[in-house]
Structure formats: structure tokens, C-alpha cells
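# Geometric and topological summary
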Amino acid sequence: MKVIVIGCTHAGTAAVNQILATDPNTEVTIYERNDNVSFLSCGIALYLGGEVADPQGLFYSSPDQLAKLGATVHMQHDVTDINTDAHEVTVTDMVSGEVKTDHYDKLVVTTGSWPVIPPIDGIKNPNVYLCKNWSHAQKLWEDAKDAKRVIVIGGGYIGTELVEAYQKQGKEVTLIDGLPRILNKYLDKDYTDRIQQDFVDHGIKLALGQMVKGFSGEDEVTVTTDQGSYTADMAILCVGFRPNTGLLKGKVDMNANGSIKTNDYMQTSDPDIYGAGDSVAVHYNPTHKDAYIPLATNAVRQGTLVGMNIFKPTRKYMGTQSTSGLQLFGKTIVSSGMTLEHAQAEGLPAAAVTVEDNYRPEFMPTTTPVLMQLVYNPETRAILGAQFMSNYDVSQSANTISVMIQNENTIDDLGFVDMFFQPIYDRPFNYLNILGQAAIAQAAKAEVTE
């Protein structure tokens, strides 16, 4: 069987590894536009901030490694057309210009995503940058060396991490976002208020609730919004991503946002085409609906499943809780599932309880408070999501909540599930138990008042 893989970052690399691990005799051909594979774009801010000394560590595979597994690797090759009837792809060698066609038995589309580039006046200004791939990372590294003022547009994960990275370099940083709160997709207001104050305390200028109208300037860039203007040496656009799926438009079923629909085995509506990663919709377990959530975790899992299922249906996709996290100015900030705001926007019955408590007993030499919020359905008592923030490492708490959402556990389960006690690490009731018990008490109070 011949398999062609289009695109080889997270999902593509995972698919190739799994296909050849499952059946080393499979003929696998890779076509990749870039000159590298498997780049961890989530590490760009760490690289720019100097925390990653060797940027090659941001690659976990290479064309040579994939070739040693048995794949035929074509770098800097652009697939320009897919003929699903003939099972052929048209490919252009981006170096020589040569065009050829290649035949497949099975096709794996892992073409990823691309930054949203809004049609704003002056968007092609040379001082406006993107932040997605290795080429972008290198350019940002070189051009930022002499920059004293940086504007970041977009307050999601990538934008906020870039803000911290450049602030640590001693640069004057302004963060612009069209919404009134940063990180609003992942965190409710109690959290974002504290993070924003932390930014202000570190000298970062916030321009929130402002829509960018245009860019101007030559040696420097002026960003004009609906409320003012801001000038810097460089502006970095981080306003989100869109699925890169133009090749399959009209050839397989897609959602309105352009993400590819797949079944439980990562198979598209064309049985010989599989999809994974940022080009594909995920099954979002808290709502039991399709969603577009471009995360490396989703991509690696989906790509691996393609490699397992391409020979025969073997393992179903479990869906996702969109579990994610980051660290900003020493604070660990993690979430899994829905925020209260998101649940309400989806029309779900939702309530939230917030607790702030120390992670271990006060008789210990030191302890640290944890801010935590649990979002739940008051009718079914099912857990919908949770958020945690602390100077203590609470990152694994999001993973615990993720499993509980996956398994449709309730606030009652969280309140009393067995967790070990040792004063070095936690209380007789772990802080997760305490959070669950707070939700139980809140639900009981609500029943009394009804």
C-alpha cells in the first residue's frame, strides 16, 4: 500500500511514525513545503526569551530520521491539487519548479493551520511579523535584537507568552487585543484580572478592547486602533489560526470554518483520505460537538490514530477537553474544559465555584495558595471544566480534571475521590477534593433556596 502524507509538523510526523511502526513495508511518501519537520511552535517564546539555549531542541524529528524509518521525504515540495477520483496529487518542487503527479492508495492530509491575517490597511508593512513556524522564529529572533519597543497584537497563549519574553529582555512592550480580557478562551475573569494586573506591575502597557484599523511607518511601525495609536520598532500579529484546507475544498465534508470533518477513526468523508491536526475539527467532549482547537496535543494524538487506523479501524478517537496551560511571570496557569462564560454562551446549564486555599498545611515551613474554579452543570452535577493558578506547580491538576470530564464524572466524585495525603505535598483532603466539596455545598445551598 502506498500512503502519501501532505504536511509534516506534529500530526504528520506522528502519522508517519505510527504507520511505519505498524507496518514497516508500507510505502510512505511525504511532501512538506518547509525545509524542516516537527517544529514545536509553542516553544518560540521560550527561544525568544532565552530559556531555550539551543533552538534545535524545538525539533523532535528530522527528514533524515523519517527517511531512516523508511519514508521517502520530499522537503520544499508544494502539493497544489488533489484528484480524488484518480487518487493522484500534483506536486511542485519549490526549488527547481518541476511539476509532477504522484499516485496514492491512502492520503493523509496534515496540512495544519496558518495565522489569521486580517485585511487591514498596511498589513504588509515590513515591521509587522507573524509567529507560527521556524522561519518566523528565526526572523523574530534576529530582528528583535535591536528593537527597543515591541507591540504584540492578540492576547491568547502565543501573544501573552511573547509579551513576557520581550519584557524579560528589557523591551518596552504593548499588548493590543480587540476583546476586553486576555486569555478569555481559557480563563474566566477572576484569573484574567490578576494576570492583567501582573502585566501592568511588570511595566507592560495594555490596550484591551481596541480593534486594530491599520499599520503605517517605514523605519518603525505605528498601529492605529479605534481608540488611539501606538508606535514601536516591530509589531507581531497573534490573532489566531485558521485551518489550511484549501486543497480539499469541495472534495470532503468540512465545517463552516473550513476544518475537515472526520469519523471516530480519523477518516474523512472520502474513505481513502484521512485527516489530523490543525486542519481537522476535534470532538469537544464538554459539549459533545465538533470544535476547532488547534493544539499540538490534539495533533499528535490524531496523527497517531491515523497511523493505527489507516490499515483497518483499530482505535477510536476519544475527543478532547482542550486541556492546556502556560507559565507567566512565575505563575502556573492551567485549564481543562469549559469556562463559565463559554458554557453560558453554549446555552448549557452552568454554575461555577471559586476557592482559594493553600496546597498544603499551614504548619509546614512554607505553603502557597492555589486559586481554583470548577464549572459544573447544576442539573446533572457533571464537571464541565476547571481552572487553576498558583506560584506552586498545579499543572497536573488540569490533567486530573481532563480525565474526569472525559469520564463524565460529577462534583460528588471530585469531592471524595481517593487522593493520598502527606503534609509535604497536600492536605488530608487534596485541594481538588476541597474544590469538589465547595461545589457540592454550593449546589446544596441552591437547592434549599429554590
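Rules used in this analysis
- Positions within a chain are numbered from 1, following the residues in the order the chain's sequence is written.
- Given that the model is predicted, a residue must reach a pLDDT of at least 70 before its local features are reported, and side-chain atom pairs must reach 80 or more before they are shown or counted; all residues, however, enter totals for whole chains, interfaces and linings.
- Water and hydrogen atoms were dropped before computing side-chain values, which therefore reflect all heavy atoms in the structure.
- UniProt positions are given in the numbering used here, feature names are shortened, and annotations may be inferred rather than shown by experiment.
- What we call a nonpolar core is a set of buried Ala, Val, Leu, Ile, Met, Phe, Trp, Tyr and Cys residues that are connected through their side-chain atoms within 4.5 Å.
- A simple rule labels every residue: compare its accessible area, found with a 1.4 Å probe on the protein chains alone, to the largest value its type can have, and call it buried under 20%, exposed over 50%, or partly exposed in between.
- Strands here are runs of E lasting at least two residues and helices are runs of H or I lasting at least four, both read from the DSSP assignment and numbered beginning at the N terminus.
- In what follows, a contact means two residues having at least one pair of non-hydrogen atoms within 4.5 Å.
- Planes of paired rings set the category: under 30 degrees apart is stacked, over 60 is edge-to-face and the rest tilted, where pairs are Phe, Tyr or Trp rings (Trp by its six-membered ring) whose centres lie within 6.5 Å.

The name an unreviewed UniProt entry assigns to the protein is NADH oxidase, from the organism Lactiplantibacillus fabifermentans T30PCM01. What the UniProt record of the protein gives under Sequence similarities (unreviewed entry) is the line "Belongs to the class-III pyridine nucleotide-disulfide oxidoreductase family."

## Observations regarding the nonpolar core
Counting 66 residues, the largest nonpolar core has Tyr-166, Ile-236, Leu-374 and Phe-388 as the members making the most contacts within it. Element by element, the count of residues in this core is highest for helix α11 (residues 431-449), at seven residues. Not counting residues within four places of it along the chain, the set of residues in contact with Leu-374 comprises Ala-351, Ala-352, Val-353, Ile-383, Gly-385, Ala-386, Ile-401, Ile-411, Leu-414, Leu-435, Gly-436 and Ala-439. With 46 residues, the next largest nonpolar core counts Ile-82, Tyr-274, Ala-276 and Ile-310 among its residues.

## Section: the UniProt feature "domain: Pyridine nucleotide-disulphide oxidoreductase dimerisation" (unreviewed entry) in the protein
In the numbering adopted here, UniProt assigns the feature "domain: Pyridine nucleotide-disulphide oxidoreductase dimerisation" (unreviewed entry) to residues 333-424. Helix makes up 26% of residues 333-424 and strand 32%. Its end C-alpha atoms lie 22 Å apart.

## Some thoughts on the packing of aromatic side chains
Applying the stated criterion across every chain, the model contains six aromatic pairs. Look at Phe-199 and Phe-329: their rings are 5.8 Å apart centre to centre, the planes differ by 85 degrees, and that puts the pair in the edge-to-face class. Of this pair, Phe-199 sits in helix α6 (residues 189-201) while Phe-329 sits in the loop between β21 (324-328) and β22 (331-337), and the two are 130 residues apart along the sequence. The exposure classification of Phe-199 matches that of Phe-329, with both residues buried. Arranged with centres 3.6 Å apart and planes meeting at 10 degrees, the rings of Tyr-359 and Tyr-392 form a pair that is stacked.

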